[in-house]
Amino acid sequence: TRIGFSGSVEVSLKCLAELQACHLLTVPFENLDVFRKRKKVLEVEVLYERIVDEKRGGWCCELNGLFAWLLEELGFSVRMVSASYFNPEKKEFNGMFDHAALVVSLGEQEYLTDVGWGNVNAHYMPIRLSEDSVHKQPGGLYKLVMSGSYWHLMHRMRDIVGHHREELNRVMNEETWHVVHRFDTQARELEEFQERCDQYQTDPEVMLSVIPICIIKEEEGQVVSTLTGRRFTTIRFKENIDVRTNETELNDEEINKKLEDVFGIKLEKPMEIEEIMANLKTEENQN
């Protein structure tokens, strides 16, 4: 199968967790279509062809959209929900339909499930919707906090070494939690995310529209590999610390080899990321 799942199919937390893990280990979060002028269409048939047949990845509404379809086909009760990223610089949440997440019901209990969060702090396993219960996962500690009509996904901040921006290395001397995103539990349809998806493909203020990005988990969630422009970074999650190693200023040949070897993306026409990043730098200098 596309995600390499070989366990027993049953409507259970164990099966759900295995499916989520398999997906995160095999299907990358990526935005390469933006730079290949291929419009994203949020229809299950189109997503299946792209992600399964062509062995590509996608971003949140694509990955979670198709994963929701898979879960439903397997008998799970699942609904897509609207989530909003918390911008730490602006200290505010983005708008509605900023991120597509999933809530899966198992008996009386519900779980936040996500295979499309485009960040290294994506949770590797489902998280039970219960207030202030701390969940230990490969990427650290997570919890959900209710605020008004929203659940806030929280991640405990960790030490960082080896960041490519030295000022972002840190040692946490006290317990500090930060907001990843917030979501409500109202069921949404996949097509409701199309307008925001269209915007994120062209808006120059959105990083996804200007810099090629790929993210995938490895080693049972203990490692995350990321490609951001011409930089390849590996993050290894150790006890309360993220250890980063970086390869910078990669050329196109090296980048396309990473795409194939690490992210499983083999393109008929190689990416020309050197040119993309050079043009971006030129535009920044002109502004």
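Residues numbered from 1 in each chain as written. Predicted model: local features only at pLDDT ≥ 70, side-chain atom pairs only at ≥ 80, totals over all residues. Heavy atoms only, no water.

**Some remarks on the side chain of Arg50**
Take Arg50: it is sitting in helix α2 (residues 44–53). Polar contacts involving the side chain of Arg50 include one to the side chain of Asp33, which spans 2.2 Å. The residues touching Arg50, leaving out its near neighbours within four places in the chain, are Asp33, Arg38, Lys55 and Arg56. (Helix = DSSP H or I, 4+ residues; strand = E, 2+ residues; numbered from the N terminus. Polar contact = N/O pair within 3.5 Å; in protein donor to acceptor, adjacent residues only side chain to side chain. Contact = heavy atoms within 4.5 Å.)

**Quick word on helix α1 (residues 13–26)**
For an α-helix, 3.6 residues make a turn, and residues three or four places apart therefore share a direction. For α1, spanning 14 residues, the distance from its first C-alpha to its last is 20 Å, which sits close to the expected 20 Å at 1.5 Å a residue. If you check which residues of α1 are buried, you get Cys15, Leu16, Leu19, Gln20, Ala21, Cys22, His23 and Leu24. Its buried side turned inward, α1 meets α3 (60–73), β4 (99–106), β5 (109–113) and β12 (213–218). (Expected span 1.5 Å × (residues − 1). Buried < 20%, exposed > 50% of the residue type's maximum accessible area, 1.4 Å probe, protein only.)

**A short note on the pairing of strand β8 (residues 140–147)**
As a general feature of sheets, a regular strand has side chains that alternate between the two faces. One ladder, built from 3 bridges, connects strand β7 (residues 135–137) with β8; its direction is antiparallel. The partner of Lys136 across the bridge, within β8, is Leu141. The hairpin formed by β7 and β8 contains 2 residues between the paired strands. Counting the residues that bridge the hairpin from β8 to strand β9 (residues 150–156) gives 2 residues, and of these Gly148 lies at a positive phi of roughly 65°. (Pairing = 2+ DSSP bridges.)

**Overview of helix α5 (residues 252–261)**
Burial in α5 covers these residues: Asp252, Ile255, Asn256, Lys258 and Leu259. Seen along its axis, α5 keeps its buried residues to an arc of 155°; they face one direction. Across α5 from its buried face, at more than 90 degrees, point the exposed residues Glu253, Lys257 and Asp261. The residue sitting at the N-terminus of α5 and contributing the capping side-chain oxygen is Asn251; that oxygen lies 3.1 Å from the backbone nitrogen of Glu253. (Arc of directions from axis to C-beta.)

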